[in-house]
Amino acid sequence: MKRKLLALTMALLMLGGALAGCGQKSAETTTPAPETSAPVETTAQPTQETGDTVRFAVLNGPTGVGAAKLMADNDAGTTANSYNVEVFTANDQVAAGLTNGEIDIAAVASNVAANLYNKTDGGIQMLAVSGLGVLYILENGDTVHSMADLAGRTIYATGQGANPEYVLNYLLTENGVDPADVDIQWKTGDEITTLMVSGEADLCMLPVPAATAVQLKNADVREALDLSAEWDNLQNGSHLTMTTIVARTDFIEENPQAVENFLSDYAASVEFMNDPDNLALSSDENPAQLVASYGITANAQIAEAAIPKCALVCITGASDMRSAIQGYYEVLYQANPDSIGGGIPDDAFYYEG
């Protein structure tokens, strides 16, 4: 265990620029940060049966949405495990916690998961695929109806050096557009929101819930392209698979029941968040209210519009996870091997249970 922890700690120094973004086994991102960078912590209640508290981390934005019900149930003391949950604003913050042993289980961007596995000599494993594509091209206008229409245009985007950049470049190339022929201006989510809401910018690429927030603030902004649909149109045998749940390998080995409990708790949370009928529940149980209350989105209005577009899933089991994400990793590897730590993860990356 000491050897793995040392490998994990040393790996943090190697991640650098590569970072930007269940339950029963079944048969791309960077998200704009809120004004405050302080993590939001929920205090575990003493009524859970397990003796140890699992340290679980999520990101604000789509990466954390699936865990909102788990967080509420944890506060109510009804989860199988007891959790200490923190909501962070950037993948590198979570990666640091995993590598120094302060976080046990975390939701991270899919390229970060592969990076951590490769850079830590197997010190991280994937427990679940938790989210598919959440990227959209928005337009102040009505001129873009295909990826080819982006040629020669200026587009404001967030996610340089992470899933969004690789996804955009891949889709442009596959649709006959040289990314060099598109003026991609990399900005923060807040900067892009200001430009789009004011009408100063015509085009942007954002993930939900940032994309839905822009549309709520400026009714003239339309959803020009769903990049998940554009990816599927290529029929390349893969899907846009942008978020995952990972855990430290030594934690998995030492706490197998806690891992199984987590997968059950998380699967129940995703099922609850995906049920559209739950958006009509009272405020203390409403998924949108939960997401906002834990600082995952700025407010419940944004969360309500974003949740149906968050593409939440809980795909577990080594074979099913590999089938869901392997093709995506192959695309990232071809685009930039360093984006996933220099190599496509082998079979040991996927938790079998």
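Fair warning: this is a prediction, and the values are worked out from it, not measured in the lab.

Basis of the calculations
- Residues numbered from 1 in each chain as written.
- Predicted model: local features only at pLDDT ≥ 70, side-chain atom pairs only at ≥ 80, totals over all residues.
- Heavy atoms only, no water.
- Helix = DSSP H or I, 4+ residues; strand = E, 2+ residues; numbered from the N terminus.
- Buried < 20%, exposed > 50% of the residue type's maximum accessible area, 1.4 Å probe, protein only.
- Areas by Shrake-Rupley, 256 points an atom, 1.4 Å probe, with all protein chains shown as cover.
- Pairing = 2+ DSSP bridges.
- Axes fitted to C-alpha atoms, helices over the stretch in contact; angles between N-to-C directions.
- Contact = heavy atoms within 4.5 Å.
- Salt bridge = Lys/Arg side-chain N within 4 Å of Asp/Glu carboxyl O.
- Phe/Tyr/Trp six-rings, centres within 6.5 Å; stacked < 30°, edge-to-face > 60°.
- Expected span 1.5 Å × (residues − 1).
- pLDDT = per-residue confidence, 0-100.
- Parallel < 35°, antiparallel > 145°, perpendicular 65-115°, else oblique.
- Nonpolar A, V, L, I, M, F, W, Y, C, P; charged D, E, K, R; others polar.

A. Structural detail: the overall build of the protein chain. In terms of regular secondary structure, the protein chain is built from 14 helices and twelve strands. Residues classed as buried in the protein chain amount to 55% of the 353 residues present. For the protein chain, the exposed area adds up to about 13,800 Å²; of that, 47% sits on carbon and sulfur atoms.

B. Fine view of the pairing of strand 3 (residues 82–88). With five of seven residues buried, strand 3 is to be regarded as a mostly interior element. Alignment of strand 2 (residues 53–59) against strand 3, held across seven bridges, turns out to be parallel. The partner of phenylalanine 56 across the bridge, within strand 3, is valine 85.

C. Representation of unusual backbone geometry within the structure. Of note, the amide linkage connecting valine 208 to proline 209 takes the cis form, showing an omega dihedral of 10°. Along the polypeptide, proline 209 turns up in the loop between strand 9 (203–207) and helix 8 (210–217). Although it is not a glycine, aspartate 121 adopts a positive phi angle of roughly 55°. For aspartate 121, the position within the fold is in the loop between helix 5 (110–119) and strand 5 (124–132). A positive phi angle, near 50°, is found at alanine 311, a position not held by glycine. On the secondary structure map, alanine 311 appears in the loop between helix 13 (300–306) and strand 12 (312–315).

D. Seen up close, the sheet that holds strand 9. Across the sheet, which stays open at both edges, the five strands sit in the order 8-7-9-6-10 with mixed pairing between neighbours. Of all the strands in the sheet, the pair left with one neighbour each is strand 8 (183–186) and strand 10 (221–226). Across the sheet, the mean angle from the axis of one strand to that of its neighbour is 30°, orientation sign disregarded. Sheet analysis places strand 6 (residues 135–140) next to strand 9, joined by five bridges and oriented antiparallel. Across the sheet, glutamate 139 pairs through a bridge with leucine 203, a residue of strand 9. In this fold helix 8 packs onto strand 6, strand 9 and strand 10, with an angle of close to 130° to the strand it touches most, strand 9.

E. Representation of the pattern of salt bridges in the model. Counting across every chain of the model gives eight salt bridges. Between lysine 69 and aspartate 73 there is a salt bridge whose closest N-O contact spans 3.2 Å. Pair noted here: lysine 69 and aspartate 73 are both in helix 3 (residues 68–76), with a separation of four residues, about one helical turn. Across the pair arginine 222 and glutamate 139 runs a salt bridge whose closest N-O atoms are separated by 2.8 Å. Remark: glutamate 139 occurs in strand 6 and arginine 222 occurs in strand 10; sequence separation between them is 83 residues. Here the salt bridges do not stand alone but share partners, grouping Arg55, Asp104, Arg248 and Asp250 into one network.

F. Inspection of the pairing of strand 11 (residues 241–248) at higher detail. Most of strand 11 sits inside the fold, with eight of its eight residues counted as buried. As judged from the seven bridges shared by strand 5 and strand 11, these two strands associate in the antiparallel manner. Each bridged residue has a counterpart across the sheet, and for methionine 126 the counterpart in strand 11 is valine 246.

G. Region of interest: the packing of aromatic side chains. Inspection of every chain in the model, using the stated rule, returns nine aromatic pairs. Where tyrosine 83 meets phenylalanine 262, the ring centres are 6.2 Å apart and the plane angle is 70°; that geometry is what we call edge-to-face. Taken together, the residues tyrosine 83 in strand 3 and phenylalanine 262 in helix 11 (residues 256–274) connect sequence positions 179 residues apart. The same class applies to tyrosine 83 and to phenylalanine 262, which are both buried.

H. The arrangement of helix 3 in detail. Residues of helix 3 that are buried include every one of Ala68, Lys69, Leu70, Met71, Ala72 and Asn74, and no others. Residue glycine 77 follows helix 3 closely and has a positive phi angle near 75°.

I. Representation of helix 11 within the structure. The end-to-end C-alpha distance of helix 11, which contains 19 residues, comes to 27 Å, matching closely the 27 Å that a straight helix rising 1.5 Å per residue would cover. Every buried residue of helix 11 is listed here: Ala258, Val259, Asn261, Phe262, Leu263, Asp265, Tyr266, Ser269, Val270, Phe272 and Met273.

J. The arrangement of the confidence of the model for the protein chain in detail. Scored by pLDDT, the protein chain has a mean of 87; 86% of the residues are at 70 or more. Confidence over residues 1–21 falls short of pLDDT 50; this stretch has 51 contacts with residues more than four positions distant or in other chains. Considering only residues more than four positions removed or in separate chains, one finds that residues 23–50, a stretch of pLDDT under 50, has 102 contacts.

K. Up close: the packing of helix 6 (residues 163–174) against helix 14 (residues 318–335). Between helix 6 and helix 14, whose axes approach to 10 Å, the crossing angle comes to 85°. Between helix 6 and helix 14, the angle falls in the class roughly perpendicular. For the pair helix 6 and helix 14, the contacting residues are Asn163, Tyr166, Val167 and Tyr170 in the first and Tyr328, Val331 and Leu332 in the second. Looking at the contact of helix 6 with helix 14 residue by residue, the classes come out as six nonpolar, one polar and no charged.

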